[in-house]
Amino acid sequence: MVRSLFGSRRARRKKADEMYGDRLPAGQHTVTNWPVLTYGYTPDIAPEDWEFSITGLVEREFTMDFRTFLAAGSVVIHADFHCVTTFSVMDNDWGGIPVQAILEKAKPLPEAVAVMVHCYGGYTTNLLLDDLDRPENLFALRRNGEPLAREHGGPMRLIVPHLYAWKSAKWVNGLQFLPRDRPGFWEVNGYHMRGDPFEEERFS
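Quick caveat, the model's predicted, so the values are computed rather than measured. (Residues numbered from 1 in each chain as written. Predicted model: local features only at pLDDT ≥ 70, side-chain atom pairs only at ≥ 80, totals over all residues. Heavy atoms only, no water.)

Engineer: Explain the overall build of the chain to me, please; I cannot follow it from the model alone.
Structural biologist: Looking only at helices and strands, the chain features 5 helices and 11 strands. At 18 Å, the chain has a C-alpha radius of gyration in line with the 17 Å of a compact globule built from 204 residues. The principal-axis extent of the C-alpha atoms belonging to the chain is close to 65 × 35 × 30 Å. Looking at the chain as a whole, 47% of its 204 residues qualify as buried. Within the chain, counting contacts between residues at least 6 apart in sequence, those at least 24 apart form 68% of the total. For the chain, the exposed area adds up to about 10700 Å²; of that, 52% sits on carbon and sulfur atoms. (Helix = DSSP H or I, 4+ residues; strand = E, 2+ residues; numbered from the N terminus. Rg over C-alpha atoms; globule rule 2.2 N^0.38 Å. Buried < 20%, exposed > 50% of the residue type's maximum accessible area, 1.4 Å probe, protein only. Contact = heavy atoms within 4.5 Å. Areas by Shrake-Rupley, 256 points an atom, 1.4 Å probe, with all protein chains shown as cover.)

Printed below as a string of structure tokens:
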């Protein structure tokens, strides 16, 4: 009986995965919850204390407070979320500020080819500028209409749907524009420099 129940559950999950077809990368399985995975402690940043800095190869370095950041505009994107640990959360509605709106303010110099994303708590992750500068990328404040909880990166996290979710850094507080790609936290510790889930770029 236990074996039968386990087999039935596994069959239902397989059927659920199959319905997404090519949208589900190889090696991934779907979940209906949204697991919390965080290295280190969970920062607690009040919006009035939150700051976002633009540094490196830009026309002018500057820092924005939360109100100024929100004034850059608001959109909703529909996108999936693929974690390198093999779970995928499908069909999310992410609400927040378009990354391209912030890049317009940042004005990267022509020699900028990569970005280091900096976060409260000390976490970093790297992105090629071409991977960051895409219309579906978002500084998310909400998921499915609800504000992001602290453990999921609230008040704001990056969402880069076409890459594994460690690139969608939580508690982001700045972008540093670089002349060449260099590894962030997980990349130094063996993760792939880019992290395309459809190429299974999990580890270096």
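Engineer: Looking at this structure, I do not really get the environment of Ser204. What am I missing?
Structural biologist: Mapped onto the fold, Ser204 is located in the segment after helix 5 (185-188). Relative accessible area serves as the criterion here: at 75%, Ser204 is assigned to the exposed category. In this structure the C-alpha to C-alpha distance between Ser204 and Gly190, which are 14 residues apart in sequence, comes to 5.7 Å. Those residues in contact with Ser204, other than ones at most four positions away along the chain, are Gly190, Tyr191 and His192.

Engineer: Looking at this model, I keep getting lost on the sheet that holds strand 3 (residues 62-65). Mind explaining?
Structural biologist: Whether parallel or antiparallel, the strands of a sheet pair through hydrogen bonds between backbone atoms. Across the sheet, 5 strands lie side by side as 3-2-11-6-7; this open sheet has mixed pairing. Bordering the open sheet on either side are strand 3 and strand 7 (124-128), each of which pairs with just one other strand. Neighbour-to-neighbour, the strand axes of the sheet open up by a mean angle of 20 degrees, direction not taken into account. Where strand 6 (residues 114-119) and strand 11 (residues 172-178) come together, 6 bridges link them in antiparallel fashion. Across the sheet, residue Ala114 finds its bridge partner in strand 11, namely Leu178. Together, strand 2 (51-56), strand 3 and strand 11 form the strand contacts of helix 3 (residues 99-106), whose direction differs from that of strand 3 by roughly 140 degrees. (Pairing = 2+ DSSP bridges. Axes fitted to C-alpha atoms, helices over the stretch in contact; angles between N-to-C directions.)

Engineer: Explain the state of the cysteines here, please?
Structural biologist: By definition, a disulfide links two cysteine residues through a covalent bond between their sulfur atoms. If you walk through the whole model with that rule in mind, you get 0 disulfides. Here Cys83 stays free of any disulfide, with the sulfur of Cys119 as its closest cysteine sulfur at 15 Å. In this structure Cys83 comes out as buried when scored by relative accessible area, which is 10%. (Disulfide = S-S within 2.5 Å.)

Engineer: Sorry, what's going on with helix 3 here?
Structural biologist: The α-helix winds at 3.6 residues per turn, so residues separated by three or four positions along the chain end up facing the same way. Here helix 3 has its buried residues at Val99, Ala101, Ile102, Leu103 and Ala106. Just beyond helix 3, the residue with positive phi is Lys107, at close to 50 degrees.

Engineer: Help me understand the nonpolar core, please; the structure alone is not making it clear to me.
Structural biologist: Generally speaking, a soluble globular protein has its nonpolar side chains buried in company with each other. Counting 37 residues, the largest nonpolar core has Phe52, Phe139, Leu175 and Phe177 as its most contacted members. Among the elements of the structure, strand 2, strand 3, helix 2 (66-70), helix 3, strand 6, helix 4 (129-132), strand 8 (138-143) and strand 11 are those that each provide at least two residues to this core. Every residue in contact with Phe139, bar those within four places of it in the chain, is listed here: Phe52, Phe69, Gly95, Gly96, Ile97, Val99, Ile102, Met156, Arg157, Leu158, Val172 and Leu175. Judged by nonpolar contacts, the second largest core, of 13 residues, contains Trp34, Leu138, Leu148 and Ala165. (Core = buried A, V, L, I, M, F, W, Y, C linked by side-chain atoms within 4.5 Å.)

Engineer: When you look at the packing of aromatic side chains in this model, what are you seeing that I'm missing?
Structural biologist: Note on aromatic pairs: each is described by the distance of the centres and the angle between the planes. Taken as a whole and assessed by the stated rule, the structure comprises 17 aromatic pairs. Plain terms: the ring middles of Trp34 and Trp94 are 5.5 Å apart, the flat faces sit at 70 degrees to each other, and that makes the pair edge-to-face. You can see Trp34 sitting in the loop between strand 1 (29-30) and strand 2 and its partner Trp94 sitting in strand 5 (residues 87-98), a full 60 residues away along the chain. One aromatic cluster is present, built from ring pairs that chain together Tyr39, Tyr123, Tyr164, Trp166, Phe185, Trp186, Tyr191 and Phe203. (Phe/Tyr/Trp six-rings, centres within 6.5 Å; stacked < 30°, edge-to-face > 60°.)

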